[in-house]
Amino acid sequence: MNFVGKHILSVAQLSRSDVEQIFSVADKMIPYAQRQRITRVLAGAILSNLFFEASTRTRLSFGAAFNLLGGNVLETTGLASSSLVKGESLQDFARVISGYSDVIVMRHPDAGSVAEFAESSRSPVLNGGDGSNEHPTQALLDLYTIEKELNYRRKSLDGLRIAVVGDLKYGRAVHSLLKLLKVFHNITVHMVSPPDLRAPERVIAELQEAGHEVRDFDQLELGIQAVDVLYVTRTQEERFSSAAEAIKYKGLFRINQAVYTQHCEPNTVIMHPLPRDSRETAQELSEDLDSNPNLAVFRQTDNGLLIRMALFALILDVVDKIEFHSAPVAWRADPKKWEQPPFD
Ligand code: NCD
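Values in this document were obtained by computation on a predicted structure and should not be read as measured data.

> I'd love a proper account of unusual backbone geometry, names of residues and values included.
Across the junction of L274 and P275, the peptide omega takes the value 5°, indicating a cis bond. Take P275: it is sitting in the loop between strand 10 (269–271) and helix 12 (297–315). The phi torsion at N267 lies on the positive side, around 70°, for a residue other than glycine. For N267, a relative accessible area of 36% gives the class partly exposed.

> Describe the packing of helix 1 (residues 16–28) against helix 6 (residues 136–152), naming the residues involved and giving the relevant values.
How two helices pack is summed up by the angle between their axes together with the distance between the axes. One way to put it is that helix 1 packs onto helix 6 with a least axis distance of 11 Å and a crossing angle of 75°. Looking at the two axes, helix 1 sits roughly perpendicular to helix 6. Contacts between helix 1 and helix 6 involve V19, I22, F23, A26 and D27 from the former and L140, L143, Y144, E147 and K148 from the latter. Looking at the contact of helix 1 with helix 6 residue by residue, the class counts come to 7 nonpolar, no polar and 3 charged.

> Give a description of the layout of surface pockets that names residues and reports values.
Approximately 440 Å³ is the volume found for the largest pocket. Forming the walls of the largest pocket are 22 residues, and the residues nearest its centre are R107, R172, R234, L274 and P275. The greatest single-element share of the lining of the largest pocket, amounting to 3 residues, is contributed by helix 7 (residues 172–180). For the lining of the largest pocket, the class distribution of residues is 6 nonpolar, 9 polar and 7 charged. Around the second largest pocket sit 15 residues that line it, and K148, N303, W338, E339 and Q340 are the ones nearest its centre. Secondary-structure elements contributing two or more residues to the lining of the second largest pocket are helix 6 and helix 12. Tallying contributions element by element places helix 6 first for the lining of the second largest pocket, with 5 residues.

About the criteria used
- Residues numbered from 1 in each chain as written.
- Predicted model: local features only at pLDDT ≥ 70, side-chain atom pairs only at ≥ 80, totals over all residues.
- Heavy atoms only, no water.
- Helix = DSSP H or I, 4+ residues; strand = E, 2+ residues; numbered from the N terminus.
- Buried < 20%, exposed > 50% of the residue type's maximum accessible area, 1.4 Å probe, protein only.
- Axes fitted to C-alpha atoms, helices over the stretch in contact; angles between N-to-C directions.
- Parallel < 35°, antiparallel > 145°, perpendicular 65-115°, else oblique.
- Contact = heavy atoms within 4.5 Å.
- Nonpolar A, V, L, I, M, F, W, Y, C, P; charged D, E, K, R; others polar.
- 1 Å grid on protein atoms, 1.4 Å probe; cavity = no way out; pocket = protein on both sides within 12 Å on 5 of 7 lines; lining within 4 Å.
- Points joined across faces, edges and corners; volume = space filled by probe spheres on them.

And the structure:
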């Protein structure tokens, strides 16, 4: 697809060649994200970052990506401090904010709200997460990370075996990731969740229609065997009707080094969209895995910058206009070093 001026609301918009195009532009962004080079290609452009739900990495990563391309970022956070609490419609809101902005990122607690906002926006809108529905840029950065990690292990996305673990009902990151797997071939997905937190039927059906193999597990130890990637998620407690309801599921599946060593194949990649819940009641991904070189969670967050830079560059049509300046690194002794996977 031609990305120029397009909204990115759902991974359903993306074909395999779209995904590959985004990944190839993301690769070109590495020297800029690592501060070896600088560019001002988006000088004068404004991103409005509208975050009406809790966020740190997604919001800052969109902002940093835009800044790294030389653009300026406006931000607002929290519904309580927005004019939406005065009864303003998403339509009016979109007409106003899109006049201030060249591109908009929005996160909102209601499924479908970002698409509704986009209908009235005069500027392209990227979905930063709409309720439990979708989180398309997270899925892209996850898939980009999976591809890189598998490359080091001499494997490819086609043929991927992945276990998704935890709250598959409300987790929008995992919804988008599973939907995006449709464009690849011969995927095996282990769905590891309590029966009440299974992935939506539609998501499962789409994987099966694409010819992929879907297996259900309610026991962690069985579900995490014989996979290349373990994608662990947080219980989305903010989406449950009560804290008491959420507490039933928190801490049910805990992956630590001992569980990993006993049940996973050697070098199984460990991923999580973050934030992981490190409280005693949860610990879905134990901190004792931090020294395991297969833990890719911080490579995911680094890659998020590249994917978001690539999307901005494609949507604002500057991919071929990026000027290559050496970074005047007076403000930093070394180029920013990123964690590398422990393979040749
Ligand atoms: C996820 C989200 O907000 O959907 N976080 C993120 O954007 N990286 C996952 C989560 O909050 O559990």
